[in-house]
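# Structural features, examined
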Amino acid sequence: MVESGQNCMEGVALVMAHFMVYWPQDWVDELKKAGDKGPIKVVYGSIHSRMPTIASVKAGDVVFPVTLMKKKLYVMARLPVTHRERAFDYCMRELGCECGALIPEGIAVEWDGGFYAMSGGKSFRGIENAPEGVRIVGQKEKPHAKHQEPFNCCSQWAVWGEEGSVIEPRALPEDVIPLLRFGYPKSKERALLVDKNGNVLVSSLTATRRMSEETAGVFEGLF
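Thresholds, definitions, all that
- Residue numbers here run from 1 along each chain, matching the order of that chain's written sequence.
- Note on the predicted model: pLDDT of at least 70 is required for a residue's local features to be given, and 80 or more for side-chain atom pairs to be given and counted; whole-chain, interface and lining totals, by contrast, use all residues.
- To get the side-chain values, all heavy atoms of the structure are used, and hydrogens and water are removed first.
- DSSP bridges decide pairing: two strands pair if at least two such bridges lie between them.
- Numbering of helices and strands starts at the N terminus; helices are DSSP runs of H or I of at least 4 residues and strands are runs of E of at least 2.
- Where helices are involved, their axes are fitted lines through C-alpha atoms of the stretch in contact, as for all axes, and angles between N-to-C directions lie from 0 to 180°.
- Burial status follows relative accessibility: with a 1.4 Å probe on protein chains alone, a residue under 20% of its type maximum counts as buried, one over 50% as exposed, and anything between as partly exposed.
- Whenever a carboxyl oxygen of Asp or Glu lies within 4 Å of a side-chain nitrogen of Lys or Arg, that contact is scored as a salt bridge.
- By the convention used here, residues are in contact when the closest approach between their heavy atoms is within 4.5 Å.

### Some remarks on the sheet that holds strand 9 (residues 123-125)
Strands sit in the order 9-8-7-10 across an open sheet of four strands; the sheet is mixed. Two strands close off the open sheet at either side, each with one partner strand: strand 9 and strand 10 (135-137). Across the sheet, the axes of successive neighbouring strands diverge by a mean angle of 30 degrees, strand direction being ignored. Across three bridges, strand 8 (residues 115-117) lies against strand 9 in antiparallel orientation. Residue pairing for strand 9: Phe115 is matched across the bridge by Arg125.

Shown next, in the form of structure tokens:
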């Protein structure tokens, strides 16, 4: 497992992969309300479908968060990934709090009132009741951008980098949508699911999708 803050460029596969991840409309609205236009620093994956796993994303890859607005597909940002680590480690270091990330085994996170949360939903009250060998971690929130907060609980991994783009909606042309392909290897590439009017279905987006080379070129062309 990658340690907190460790550069992961060593051992990067020779073939760069491009991935699409989904940001729900309500999260995009929260970013707009907060005035957060980036540049994007991090993308999370969780164990829930609302924020799908990013276990397949590695250092050297590129991630594109997308969203649906009025049934149209928009690319919100581009993040070249240079690091991959546990979401908990990223959150504690950069945000100062666990922010709903999965707490690793052997760690207890201190909350107000002498309450301590652990992995698997376990908890205890009072430091004197800490299980043997458990490391106590305090929380003190640090200044950060809104998008650095996981928008769903149980985030597992964080991928991040320092060369992210501005966060803003970039429309994909409607005539391009039927040509987009996702999957790996090429024999498993599939188009997005659409309704009778050609609008992308959200069910086609609620998984981290690896792009074909041609699709990656379309996305890169927006930046």
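### Structural notes on the pairing of strand 2 (residues 42-46)
The buried count for strand 2 comes to five of five residues, which makes it a mostly enclosed element. Side-chain alternation along strand 2 places Val42, Tyr44 and Ser46 on one buried face and Val43 and Gly45 on a second face that is also buried. The sheet contact formed by strand 2 and strand 11 (residues 155-160) spans five bridges and is antiparallel. Counterpart to Val43 in the pairing with strand 11 is Val159.

### Digging into the pattern of salt bridges
What the rule picks out here adds up to 12 salt bridges. Across the salt bridge formed by Asp61 and Lys58, the nearest N and O atoms sit 3.1 Å from each other. For Lys58, a relative accessible area of 25% translates into the label partly exposed. Residue Glu85 is joined to Arg93 by a salt bridge in which the shortest nitrogen-to-oxygen separation is 2.6 Å. For Arg93, a relative accessible area of 24% puts it in the partly exposed group. A cluster of three or more residues bridged by salt bridges with shared partners is formed by Glu30, Lys146 and Glu149.

### Some remarks on the pairing of strand 3 (residues 62-69)
The side chains of a regular strand alternate between the sheet's two faces. In terms of residue burial, strand 3 counts as a mostly covered element, since seven of its eight residues are buried. Of the pairings in the sheet, the one linking strand 1 (residues 18-22) to strand 3 comprises five bridges and is parallel in character. By the bridge assignment for strand 3, Phe19 is matched with Val63. Sheet topology note: the strand 3/strand 5 (residues 79-80) ladder contains two bridges and is antiparallel. Within the sheet, the bridge partner assigned to Val63 lies in strand 5 and is Leu79. As paired elements, strand 3 and strand 4 (residues 72-75) share four bridges and run antiparallel to each other. Bridged to Val66 within strand 4 is Val75. Hairpin geometry of strand 3 and strand 4 is characterised by an intervening segment of two residues between the two adjacent antiparallel strands and by a positive phi of about 50 degrees at Lys70.

### Section: the sheet that holds strand 11
The strand order across the open sheet formed by three strands is 2-11-6, and the pairing between neighbours is antiparallel. A single partner strand is all that each edge strand has here, and the edge strands are strand 2 and strand 6 (83-86). In this sheet, adjacent strand axes meet at a mean angle of 20 degrees when their direction is disregarded. Here strand 6 pairs with strand 11 via four bridges, running antiparallel. Paired with Glu85 across the strands is Ala158, a residue of strand 11. Helix 2 (residues 87-94) rests against strand 2, strand 6 and strand 11 of the sheet, and its axis sits at about 95 degrees to strand 6.

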